Amino acid sequence: MKEILYKPGEWFDKYCIKKKFYFSYILCVLLPLIITDSVIIFIVIHSDRTLHYREMENAANAVQYYISNSAEQAAGYAKRIYTNKYVNDFLERQYENTYDYVTSYYDFFKGMWFDGAMGSNYVRTVLYGNNDTLINGGKVSNIDRDAGSLWYQQFKASGLQQMLLFDYHASMTERRMLFLTRLNSYNQTSDNFLLVEFDYTGINRYLKEMNYAMDVFICRDGEVVLSNGRHSSTAKAFEKFTEYDNVGYQSSLRIYGTDLDIYVMNAKNMIAEEIKRQLPVILFLFIVNAILPVIVYRDKIKEQEIIVERQRAELLALRSQINSHFLFNTLESIRMHSVIKKEKQTAEMIEKLAVLQRQYVEWGEDMVKVSKEMEFVQTYLDIQKYRFSDRLSCEIEMDERCSEFRIPKLTIVTFVENACVHGIESKSSAGWIFVRIYLEDMYMHIEIEDTGKGMKKEGMESLLWKMRNASIGLLQEKERSGILNACLRLKMKTDDEVMFELDGEEGIGFLTHIKIPCRYLEPEVAQC
């Protein structure tokens with residue numbers, strides 16, 4: 001299995017806990033919060049825009065209905081005039097003189113039936129006849145009087161029976177909304193017609209009283225003819241509509257020969273005003289969600305930094321407590337053998353010892369491959385076999401699947417050392433040391449067995465308890481510090497999930513069994 005030199009997330013371990021916290025807070029809390037709030041704000045804004053669009057649509061429909069209804073009322077009134085034979089007779093009659101016309105005029109309009117049929121949306125009606133004997137004035141006029149006006153020319157050119165018109169009377173500086181209908185029910189060739197003039201000011205006032213927050217413009221041929229606000233002055237000529245970029249809703253209406261465009265404008269700064277209105281709530285939520293956790297956990301960060309620094313100090317203390325007494329004993333044995341026997345093996349042993357010693361003093365990397373650790377074990381046992389000669393035999397078995405796994409440095413060597421020092425060294429007869437590494441049930445198993453002097457049951461139970469509860473406090477007792485050192489480092493690397501078992505009998509031998517969950521072994525691709 002190829003060694004992995006770099007693991008994703010390794011760079012993260014280089015930072016202090018405070019920076020890790022802030023990075024994690026930004027990535028895992030603040031960023032999701034911003035994204036979530038942005039989505040919520042988008043939904044709210046979208047809902048507001050949808051609601052605003054519906055309000056604009058409702059405003060356009062209400063205006064369209066009002067104009068259409070006003071025109072239909074005028075058309076209904078005109079229909080009664082259109083079918084009235086007396087109206088036709090009055091306009092077609094040739095009057096002998098002024099007295100004759102005036103008498104007929106008053107008789108015709110007696111009882112105010114003519115005006116009584118009008119509603120409140122209209123200011124006046126005028127009957128136009130192509131009759132030279134008609135006298136201009138009041139509710140009757142000769143066509144010749146207004147034949148040159150623009151509104152008449154438009155009506156005549158349209159050929160329509162009825163027509164809605166907008167007109168600006170320059171001489172009187174006033175805008176007008178007119179409804180015209182031909183009076184040819186009894187004479188198809190007649191040029192007579194009825195003019196109904198709407199209350200232009202009243203219509204604008206009604207549009208304002210609808211109380212819509214947005215501006216509404218009713219345009220004809222690009223000119224604003226009606227409005228609920230700007231461009232609604234009755235004394236000015238119709239103005240061009242230029243605010244197409246700010247139109248939020250548009251509808252069209254064709255009524256009695258006139259095409260009208262209804263434009264409803266977007267409310268000014270609607271979103272900005274809504275955000276401004278909700279600013280206290282937004283600030284409160286920002287403080288609660290973004291700033292408050294930092295304030296609350298600031299002391300926790302300091303506390304965790306202290307804990308981490310203490311653990312680092314403990315790890316350094318663990319490294320400094322590697323038992324080196326065997327090194328001095330071995331050096332002394334090598335020296336005595338070389339002096340007495342003048343053996344050439346001295347150089348070889350010193351070389352092995354140098355290799356092993358280097359591992360004890362160099363801690364640039366705390367994790368090593370199992371295969372590398374087993375090289376240390378083999379080197380250590382070679383040196384011990386040199387010391388004990390025929391008194392020590394050893395056997396090493398390692399499952400090749402375990403070779404690339406990574407464990408804390410010098411942990412297996414420490415247990416092998418314990419087997420030599422407390423098992424074989426204190427026994428006068430020959431003994432064996434067995435080291436076995438294998439995989440089983442999602443665990444890597446490490447067994448160190450010796451045929452040394454063994455241990456009493458009480459002592460074994462006490463040692464097992466210390467191994468399972470290894471801590472800096474127990475290390476300070478100095479008893480079995482090397483074993484506890486290794487146990488504590490394994491516990492720290494496996495989140496306290498490593499398992500220890502002891503077995504043996506006094507005078508027979510001793511077995512240490514270690515089980516490490518595969519998921520804590522490096523590289524991360526390790527599978528059991």
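Scroll up to find the structure.
Residues numbered from 1 in each chain as written. Predicted model: local features only at pLDDT ≥ 70, side-chain atom pairs only at ≥ 80, totals over all residues. Heavy atoms only, no water.

A.B. asks: Can you help me understand the pattern of salt bridges in this one?
C.D. replies: The tally for this structure, following the rule as stated, stands at 15 salt bridges. Measuring nitrogen to oxygen at the nearest pair gives 2.8 Å for the salt bridge that ties D100 to R93. Take D100: its relative accessible area is 16%, and that puts it in the buried class. Ionic pairing is found between D146 and R145, a salt bridge with its closest N-O pair at 3.5 Å. (Salt bridge = Lys/Arg side-chain N within 4 Å of Asp/Glu carboxyl O. Buried < 20%, exposed > 50% of the residue type's maximum accessible area, 1.4 Å probe, protein only.)

A.B. asks: Please explain the sheet that holds strand β7 (residues 223-227) as it appears in this structure.
C.D. replies: Paired through backbone hydrogen bonds, the strands of a sheet run either parallel or antiparallel to each other. Read from one edge of the open sheet, five strands run β8-β7-β6-β10-β9, paired in antiparallel fashion. In this open sheet, the two strands that pair with only one neighbour each are β8 (239-240) and β9 (247-255). Each of β6 (216-220) and β7 is contacted by helix α7 (residues 200-209), which is oriented at about 70° to β7, the strand it contacts most. (Pairing = 2+ DSSP bridges. Helix = DSSP H or I, 4+ residues; strand = E, 2+ residues; numbered from the N terminus. Contact = heavy atoms within 4.5 Å. Axes fitted to C-alpha atoms, helices over the stretch in contact; angles between N-to-C directions.)

A.B. asks: Looking at this structure, I do not really get a nonpolar patch on the surface. What am I missing?
C.D. replies: Nonpolar side chains collect at one region of the surface, where F23, L27, L31, I35, V39, F42 and I43 lie side by side and expose about 650 Å² of accessible area between them. Secondary-structure assignment places F42 in helix α1 (residues 17-82). (Patch = residues over 30% accessible without salt bridge, like charges linked within 9 Å, V, L, I, M, F, W, Y side chains within 5 Å. Areas by Shrake-Rupley, 256 points an atom, 1.4 Å probe, with all protein chains shown as cover.)

A.B. asks: Explain the nonpolar core to me, please; I cannot follow it from the model alone.
C.D. replies: For soluble globular proteins, the rule of thumb is that nonpolar side chains tend to be buried together. In terms of nonpolar packing, the biggest core is built from 51 residues, with I412, F415, M444, M467, F500 and I516 touching the most fellow members. Of the residues forming this core, the biggest block, eight residues, is contributed by helix α13 (residues 411-424). Not counting residues within four places of it along the chain, the set of residues in contact with M467 comprises F415, I483, L484, C487, K491, F500, L502 and T512. Of all hydrophobic cores here, the second largest spans 48 residues; its members include A59, A71, F108 and Y122. (Core = buried A, V, L, I, M, F, W, Y, C linked by side-chain atoms within 4.5 Å.)

A.B. asks: It is not clear to me how the packing of aromatic side chains should be interpreted in this structure. Could you clarify?
C.D. replies: Aromatic ring pairs are described here by two measures, namely the spacing of the ring centres and the angle between the planes. Applying the stated criterion across every chain, the model contains 24 aromatic pairs. When the centroid spacing of 4.8 Å and the interplanar angle of 85° are considered together, the rings of F108 and F109 count as edge-to-face. For the pair formed by F108 and F109, the shared burial category is buried. Considering the side-chain rings of Y244 and Y263, the 5.7 Å spacing of their centres and the 85° angle between planes classify their relative orientation as edge-to-face. Of this pair, Y244 sits in the loop between β8 and β9 while Y263 sits in strand β10 (residues 258-265), and the two are 19 residues apart along the sequence. We classify Y244 as partly exposed; its relative accessible area is 43%. According to the relative accessible area criterion, Y263 is buried, its value standing at 6%. Through a chain of ring-to-ring contacts, three or more aromatic side chains come together here, namely F90, Y95, Y101, Y105, Y106, F108 and F109. Geometry around F109 places K139 over its ring, the cationic atom sitting 5.7 Å from the centre. (Phe/Tyr/Trp six-rings, centres within 6.5 Å; stacked < 30°, edge-to-face > 60°. Lys NZ or Arg CZ within 6 Å of the ring centre and 35° of its normal.)

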